[in-house]
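Spelled out from the first residue to the last, the chains are:
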Amino acid sequence: MILSVDVHLQYRLSQPTDLLLQIEAADLADQTVRQTHISFSEVENVSRITADDGLGERIWLRADGLFQCDYRADIQINRPVRDLSTLPATPPHQLSGEAVRYLMPSRYCPSDEFQTFVAAEFGHLSGGAQIAAMRDWIEQSFQYVPGVSNAQTTAMDSFVQRQGICRDYAHVLVTLARAATIPARFASVYAPGVTPPDFHAVAEVYLDGAWHLVDPTSMATPHDIVRIGIGADAANVAFLNIFGQAEFVAQSVSVQAA
């Protein structure tokens, strides 16, 4: 599958401000960036740095006044999709250093507070079957409601409220997986069919020695997801960090199957 991505961002800055941008699709073995173009309004600085775990890049910018960014890309997805429920868990003592960090609680994912719930609700399962049951439970138990959560909402908040957006769904699945001693991380992605059209968020879980994408909102499947970046939770993969004051002007995200 080939996905065409088109993103437009506009912010008004009252003074020279540093921005850290991460909206470009990562060029990886399972997703090939075939063509790409990114442009900015007048800026003082453009420099690239490696993103978390070496997956993708971030761009440092310094701008003033009306900041505008336009990004377009075509990405071919070459990802083999396996049946999640058949994948065995990797024993903790066999995990690499990269995977171990994603066993730990993080800012939005207090997994240590969910161990009793996970043992009671999903303890009769293991590995991919356990993750599949968690995914299905979230999809069935939660309501997708824009506007009920904000940048401070944690997985515990969403668990109590039983509603949220893709960011919240992903945080809950990551949290439950870690509570079951399965490494899990947050992934910022593009996917077609996301309603409303926007940047999307899913979870990645480490099973059978590899990472596997899981979308608890059910709006996307592994064969039509393009990764932008990954991290312990949303704090690590914001599409734009603004180190100062800014006024939102406009944003649009279009993802189509080419």
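From a predicted model like this one, the values you see are computed outputs, not experimental measurements.

**Student:** Would you mind going over the packing of helix α2 (residues 115-122) against helix α3 (residues 127-141) with me for this structure?
**Tutor:** In helix packing, the relevant descriptors are the interaxial angle and the interaxial distance, both defined with respect to the helix axes. In contact at an axis separation of 11 Å, α2 and α3 are set at 100° when each is read in the N-to-C sense. With respect to α3, the axis of α2 lies roughly perpendicular. Together, F117, V118, E121 and F122 of α2 and Q130, A133, M134 and W137 of α3 make up the contact between the two elements. When grouped by side-chain class, the residues that make up the contact of α2 with α3 number six nonpolar, one polar and one charged.

**Student:** Looking at this structure, I do not really get the nonpolar core. What am I missing?
**Tutor:** Grouped burial of nonpolar side chains is what soluble globular proteins tend to show. With 29 residues, the main nonpolar core has L84, I131, M134, I138, L176 and V205 as its most contacted residues. Counting only elements with at least two residues in this core, the list comes to α2, α3, α4 (155-161), α5 (166-179) and β8 (200-207). Looking at which element gives the most residues to this core, the answer is α5, with seven residues. Residues in contact with I138, not counting those within four places in the same chain, are Y169, V172, L173, L176 and P216.

**Student:** Help me understand the environment of N45 in this model?
**Tutor:** Note on placement: N45 falls in strand β3 (residues 43-50). Take N45: its relative accessible area is 32%, and that puts it in the partly exposed class. Each C-alpha atom of the pair N45 and Y169 lies 36 Å from the other, and the pair is 124 residues apart in sequence. Polar contacts involving the side chain of N45 include one to the side chain of S47, which spans 3.5 Å.

**Student:** Can you walk me through the pairing of strand β10 (residues 226-231) in this structure?
**Tutor:** Along any regular strand the residues' side chains alternate between the sheet's two faces. Across the six residues that make up β10, a large majority, six, are buried. When strand β7 (residues 184-190) meets β10, the two strands line up antiparallel, connected through five bridges. Across the sheet, the residue bridging to A187 is I230, located in β10.

**Student:** Please clarify how the packing of α3 against α5 should be interpreted in this entry.
**Tutor:** At a closest axis distance of 10 Å, the pairing of α3 and α5 adopts a crossing angle of 145°. Helix-helix and strand crossings are classified by hand; for α3 and α5 the assignment is right-handed. Note on element contacts: α5 touches α3 through Y169, V172, L173, L176 and A177, opposite I131, M134, R135, W137 and I138.

**Student:** Please clarify how the sheet that holds strand β9 (residues 210-214) should be interpreted in this entry.
**Tutor:** Backbone hydrogen bonds are what pair the strands of a sheet, in a parallel or an antiparallel way. The strand order β9-β8-β7-β10 describes an open sheet built from four strands, whose pairing is antiparallel. Each of the sheet's edge strands pairs with one partner strand only, and the pair in question is β9 and β10. The average undirected angle you get between the axes of adjacent strands in this sheet is 35°. Sheet contacts for α3: β8 and β9; angle to β8, the most-contacted strand, approximately 160°.

**Student:** Honestly, the layout of surface pockets in this entry has me stumped. Any pointers?
**Tutor:** A probe matching the size of a water molecule, rolled over the atoms, marks out where space remains unfilled. By volume, the largest pocket amounts to about 890 Å³. Among the secondary structure elements, those contributing two or more residues to the lining of the largest pocket are α5, β7, β8 and β11 (240-243). By volume, the second largest pocket amounts to about 530 Å³. Forming the boundary of the second largest pocket are 25 residues, of which R79, W211, H212, L213 and P222 lie nearest the centre.

Basis of the calculations
- Residues numbered from 1 in each chain as written.
- Predicted model: local features only at pLDDT ≥ 70, side-chain atom pairs only at ≥ 80, totals over all residues.
- Heavy atoms only, no water.
- Axes fitted to C-alpha atoms, helices over the stretch in contact; angles between N-to-C directions.
- Helix = DSSP H or I, 4+ residues; strand = E, 2+ residues; numbered from the N terminus.
- Parallel < 35°, antiparallel > 145°, perpendicular 65-115°, else oblique.
- Contact = heavy atoms within 4.5 Å.
- Nonpolar A, V, L, I, M, F, W, Y, C, P; charged D, E, K, R; others polar.
- Core = buried A, V, L, I, M, F, W, Y, C linked by side-chain atoms within 4.5 Å.
- Buried < 20%, exposed > 50% of the residue type's maximum accessible area, 1.4 Å probe, protein only.
- Polar contact = N/O pair within 3.5 Å; in protein donor to acceptor, adjacent residues only side chain to side chain.
- Pairing = 2+ DSSP bridges.
- Left-handed = near helix turned anticlockwise from the far one by under 90°.
- 1 Å grid on protein atoms, 1.4 Å probe; cavity = no way out; pocket = protein on both sides within 12 Å on 5 of 7 lines; lining within 4 Å.
- Points joined across faces, edges and corners; volume = space filled by probe spheres on them.

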